[in-house]
Each structure stands twice: as C-alpha cells, then as structure tokens.
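# Report on the structure
Chain by chain, the residues:
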Amino acid sequence: GWHDEWEESMQVMIKKLVFDGAEEGTMYVAEYVNRKVIHKMDHLACFVGGMLVLGAKGSPNEQEYMRVAAGITKTCYHMYTMTPTGIAPELVNFRAGKMYIGGAHYNIQ
C-alpha cells in the first residue's frame, strides 16, 4: 500500500540525499539534478523533518526517522539564527558539511 511506498521513498532519500552537517547533530537534504548530488538545501526542505515525524509512528524505522528529523530540524533552526534579521535564507549551500548562505538571503517583496 501507500505506506510501503512511503517507507521505500524515505529510505532511498535518507541513503542518497541526507548528509551530516559539520555541526554535531545537524543533517541536510541535498538535491539531485542530472544524476548529480548538489549539496544545497532550500528552506522548503525544512518540511522534511515534520514529514518524517508524522510517518515514523509504527514504522520499523521509527528511531532512524526521528533521528534524521531532529538533525534536519536543527539545521533549519540554524538557517534562521545565522542571519542578523532572523529570517532564513531561501537556500543554503554546504561544503564539507559546513553551511553557507546561498542565493538571495531572503525574498521579501
């Protein structure tokens, strides 16, 4: 059923796109473009933490999902605290796990 497909998708995402950040306990979701991993995370990827928590209950992978969700959420928290305004950038880049503001700092029209 749908939950089996969700489980398979989450396992592949974690295996291929989730990386440890340089700061202890942080993780990020990279992008996959043209068969290449891009070490960049848009702010909307912060929803992945909540998605994992919501799907974790009753899963045989519950502890793994909760650990990854916590790591992504910690990274997202730092996306807000790294700027003087407290507004998260649209995206961050990672080099050797270290997070850098990428693109526009934030889009306010």
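No experiment lies behind these values; they were computed from the predicted model shown.

### Considering the overall build of the protein chain
- Within the protein chain, the regular secondary structure consists of three helices and seven strands.
- If you list the helices and strands of the protein chain from N to C, you get α-β-β-β-β-β-α-α-β-β.
- In terms of C-alpha radius of gyration, the protein chain reaches 14 Å, essentially the compact-globule figure of 13 Å for 109 residues.
- Projected onto the principal axes, the alpha-carbon positions of the protein chain cover approximately 45 × 30 × 30 Å.
- Evaluated residue by residue, the protein chain yields a buried proportion of 37% over its 109 residues.
- Once local pairs closer than 6 in sequence are excluded, the contacts in the protein chain between residues at least 24 apart make up 46%.
- Carbon and sulfur atoms provide 57% of the accessible area of the protein chain, an area that totals close to 7000 Å².

### Quick look at the state of the cysteines
- This model, assessed by the stated rule, comprises one disulfide.
- The residue that forms a disulfide with Cys 46 is Cys 76, at a sulfur-sulfur distance of 2.0 Å. Around the S-S axis, the bridge from Cys 46 to Cys 76 shows a dihedral of about -105° and counts as left-handed. Of the two residues, Cys 46 is situated in the loop between strand S5 (40-42) and helix H2 (47-56) and Cys 76 in helix H3 (residues 62-81); the sequence distance between them amounts to 30 residues.
- Exposure remark for Cys 46: the relative accessible area of 22% places this residue in the partly exposed category.
- With a relative accessible area of 7%, Cys 76 lands in the buried category.

### Some thoughts on the sheet that holds strand S7 (residues 98-102)
- Within the open sheet, the three strands sit side by side as S5-S6-S7. Their pairing is antiparallel. Each having just a single partner strand, S5 and S7 make up the two edges of the open sheet. Between one strand and the next, the sheet's axes are offset by a mean angle of 30°, whatever the strand orientation.
- In terms of strand pairing, strand S6 (residues 91-95) meets S7 through five bridges, oriented antiparallel. Bridging from a neighbouring strand, Leu 91 pairs with Gly 102 of S7.
- Sheet strands in contact with H3 are S5, S6 and S7, and its direction is about 80° off that of S5.

What counts, and where the lines are drawn
Residues numbered from 1 in each chain as written. Predicted model: local features only at pLDDT ≥ 70, side-chain atom pairs only at ≥ 80, totals over all residues. Heavy atoms only, no water. Helix = DSSP H or I, 4+ residues; strand = E, 2+ residues; numbered from the N terminus. Rg over C-alpha atoms; globule rule 2.2 N^0.38 Å. Buried < 20%, exposed > 50% of the residue type's maximum accessible area, 1.4 Å probe, protein only. Contact = heavy atoms within 4.5 Å. Areas by Shrake-Rupley, 256 points an atom, 1.4 Å probe, with all protein chains shown as cover. Disulfide = S-S within 2.5 Å. Pairing = 2+ DSSP bridges. Axes fitted to C-alpha atoms, helices over the stretch in contact; angles between N-to-C directions.

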